[in-house]
Amino acid sequence: MTSRSTYHHGDLRQAVLAAALDVIAAEGPGALSLRDLARRAGVSHAAPAHHFKDRTGLLTALATEGYGLLAEALADVPELSERGVRYVRFAVEHPAHFQVMFQPELLRADDPDLLAAKERASAELRAGVADLTDVPDARAAGIAAWSLAHGFATLLLTHNVTGAVGDRDPEEYFRSLTGLLFTARPASPGREEPGRRE
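Conventions adopted
Residues numbered from 1 in each chain as written. Predicted model: local features only at pLDDT ≥ 70, side-chain atom pairs only at ≥ 80, totals over all residues. Heavy atoms only, no water. Salt bridge = Lys/Arg side-chain N within 4 Å of Asp/Glu carboxyl O. Helix = DSSP H or I, 4+ residues; strand = E, 2+ residues; numbered from the N terminus. Buried < 20%, exposed > 50% of the residue type's maximum accessible area, 1.4 Å probe, protein only. Core = buried A, V, L, I, M, F, W, Y, C linked by side-chain atoms within 4.5 Å. Contact = heavy atoms within 4.5 Å.

K.L.:
Break down the pattern of salt bridges for me, with residues and values.
P.N.:
Two side chains that carry opposite charge are able to pair once their charged atoms sit near each other. One pass over the full model with this rule turns up eight salt bridges. A salt bridge links D36 to R39; the shortest N-O distance between them is 2.7 Å. Within this pair, D36 and its partner R39 are both found in helix α2 (residues 34-41), separated by three residues, close to a single helical turn. The partly exposed category is assigned to R39, whose relative accessible area is 48%. Residues joined by salt bridges that share partners form a network here, namely D36, R39 and R40.

K.L.:
Account for α2, naming residues and giving values.
P.N.:
Among the residues of α2, L34, D36, L37, A38 and A41 are the ones counted as buried. Phi for G42, located one or two positions after α2, is positive at around 75 degrees.

K.L.:
Run through the nonpolar core, naming residues and quoting values.
P.N.:
Ranked by size, the top nonpolar core spans 49 residues in total, and within it L32, L37, L58, L59 and F152 carry the most contacts. Among the elements that take part in this core, helix α4 (residues 55-74) stands out by supplying 10 residues, more than any other. Ignoring any residue separated from it by four or fewer positions in sequence, one finds F152 in contact with V88, V161, V165, P170, Y173, F174 and L177.

These values are about where atoms sit, not about what they do.
Have a look at this one:
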């Protein structure tokens, strides 16, 4: 355990955040306790409250950090499908952040740092559909793309597609999913749909 005297102001904050990420990854955000995090970081029980005030403040700080990391992950990726791959990669590499970011009931919704970080990430998500042609509703297209990436990432992290993905690289599997959807053609007129009887 690290000595309390070795911490500088910024180090303590990061130490508590790192300990929180470990707890969330192992047990979920419901298991977080500032007192337990202080014990893990080797500091007084009041030290985390000095930086974050309360549990909500800590989770808001983690979500803010997560949105910043997501924005960085999506930046400078021109192709929409590859932005989806980066989104999935972010979720796999930062599962604790990912868990917290999309649970608004855990966060301080009006926190200015959180709002700014969310806007950065949203701007990067919107940029992925900015150059699409022949799309009647770019906003809806963006939500569709986000839904695909977020849904797959969530299913992956909750082990609901473990059997389907198997030993394959999740990013490659996601690429195959997007390829399957975007190259599919509608059934020919008059062709009977599977399972449909007149």
